[in-house]
Amino acid sequence: MRFLISGAAGFIGSHLCDVLIDAGHSIVALDNLITGSHRNVEHLERHPRFELRLVDVSRDFSVPGPFDGVWHLASLASPKDYLDHPIETLESGSSGTRNLLEIARRDNASFLLTSTSECYGDPQVHPQVETYWGNVNPVGPRSCYDESKRYAEALTMAYHRVHGLKTHIARIFNTYGPRMQLNDGRVVPAFLDQALRGEPLTVFGDGKQTRSFCYVSDLVDGLCRLMESGERYPVNLGNPLELTILEFAEHIRRLTGSNVPLLHCPLPQDDPRQRQPDISKARQLLGWFPRVELEDGLRRTIEYFRGRLDPALVSATAPPS
Ligand code: UDP
């Protein structure tokens, strides 16, 4: 099959490209590299079934079809990045989604939107089920991300209802793994970078807020299963193992062998207090559940980050055993 993927040079996008190329498909990859990195896909660049185009999907662009499927992953997914670029974030969810839906409509292709657990905001229902409508501050600093994804979901459903498009919506919870950007400010790269350099771990607030972390290969497997399914309504994809940020910091210290202290910093505005996906729907409909244990996934990620850091900056911590 021939696929169009936006955000293909990003963290999740580049792993999706690897899986689809390995499965024998052809890919036209779009990215404007605002947060993606050439390096994430450079190993694919000479592949005869892979083509990278430097395109901002929020602007007018054309790409010759036909495609069998369109995957829309382009977005600024880290709070630091979307707070730095709120307008671009809103545009990738609005114009970007519209442009990609139009291509899917042109080619009668399947369409998959990568949405987010941020649609639930600071949730009052726990764990979060897809039928929960969320608790989002529409004018707070995070709203550029949350509301653009909520709009993108609404637009996707409208294209399905009006044009009969075969659409899919994945609500992705916190995901981690190799190819995350070292400096994107999210807790996984931040803690790993700090632990490996021997610097204090910056815990925001009291660290009692919770997150649930899914390894990237599990997530990509869920996306592929969803694209093949007939489900049109949102499906949560994430790992239900819920940890406080303090517990997470302990895992990082243990697995990096680094005894760095914690440094408490102010909690960002509207930072969700708790987050855990209810994945009953994905289990039932897609036969999907995460398989990679946190410890295993973190070891693989640590190995990647060690390789990326300048050896002169890596403190003399024990290598992961
Ligand atoms: N966080 C932290 N220290 C950091 C970065 C993040 O304590 O250096 C916290 C953040 O406040 C949030 C959680 O870790 O409660 C996850 O943050 P992240 O930015 O990774 O993703 P989010 O789930 O907020 O989108």
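Quantities reported herein were computed from a predicted structural model and do not represent experimental measurements.

Draft legend 1. Broad picture of the overall build of the protein chain. Looking only at helices and strands, the protein chain features ten helices and 13 strands. When its C-alpha atoms are laid out on the principal axes, the protein chain stretches across 55 × 45 × 35 Å. Looking at the protein chain as a whole, 55% of its 321 residues qualify as buried. Partitioning the contacts of the protein chain with sequence separation of at least 6, the portion at a separation of at least 24 is 80%. Accessible surface for the protein chain amounts to roughly 13600 Å². Of this, 51% is attributable to carbon and sulfur atoms. Measuring between centres, the 34 positive side-chain charges of the protein chain sit 3 Å from its 40 negative side-chain charges.

Draft legend 2. Quick peek at the packing of helix 4 (residues 86–107) against helix 5 (residues 143–163). Put simply, helix 4 and helix 5 touch, their axes get as near as 8 Å, and they point 15 degrees apart. By the criterion of interaxial angle, the relationship of helix 4 to helix 5 is roughly parallel. Considering only the axes of helix 4 and helix 5, their crossing is right-handed. The segment helix 4 lies against helix 5, with P86, T89, L90, G93, S94, T97, R98, L101, E102 and R105 engaging C144, Y145, S148, Y151, A152, L155, T156, Y159 and H163. The residue inventory of the contact of helix 4 with helix 5, partitioned by class, reads nine nonpolar, seven polar and three charged.

Draft legend 3. Geometry of the site of the ligand. What surrounds the ligand is a group of 18 residues, the closest being V187, T202, R211, D271 and R275. Between an oxygen atom of the ligand and a side-chain N or O atom of R142, the distance comes to 3.0 Å. Protein contact buries 95% of the 510 Å² of open area that the ligand shows by itself. Of all the elements in the fold, those that place two or more residues in the shell around the ligand are helix 6 (187–197) and strand 8 (201–204).

Draft legend 4. Region of interest: the pattern of salt bridges. Applying the stated criterion across every chain yields a total of 20 salt bridges. For the salt bridge of R275 with E118, the shortest nitrogen-to-oxygen distance reads 2.7 Å. On the criterion of sequence distance, the pair formed by R275 in the loop between strand 13 (262–265) and helix 9 (280–286) and E118 in the loop between strand 5 (110–116) and helix 5 is long-range, its members being 157 residues apart. The class for E118 is buried, based on a relative accessible area of 4%.

The rules behind each value
- Residues numbered from 1 in each chain as written.
- Predicted model: local features only at pLDDT ≥ 70, side-chain atom pairs only at ≥ 80, totals over all residues.
- Heavy atoms only, no water.
- Helix = DSSP H or I, 4+ residues; strand = E, 2+ residues; numbered from the N terminus.
- Buried < 20%, exposed > 50% of the residue type's maximum accessible area, 1.4 Å probe, protein only.
- Contact = heavy atoms within 4.5 Å.
- Areas by Shrake-Rupley, 256 points an atom, 1.4 Å probe, with all protein chains shown as cover.
- Lys, Arg positive; Asp, Glu negative; His and termini not counted.
- Charge placed at Lys NZ, Arg CZ, Asp CG, Glu CD.
- Axes fitted to C-alpha atoms, helices over the stretch in contact; angles between N-to-C directions.
- Parallel < 35°, antiparallel > 145°, perpendicular 65-115°, else oblique.
- Left-handed = near helix turned anticlockwise from the far one by under 90°.
- Nonpolar A, V, L, I, M, F, W, Y, C, P; charged D, E, K, R; others polar.
- Near = heavy atom within 4 Å.
- Polar contact = N/O pair within 3.5 Å; in protein donor to acceptor, adjacent residues only side chain to side chain.
- Salt bridge = Lys/Arg side-chain N within 4 Å of Asp/Glu carboxyl O.

That is the geometry; function is a separate question.
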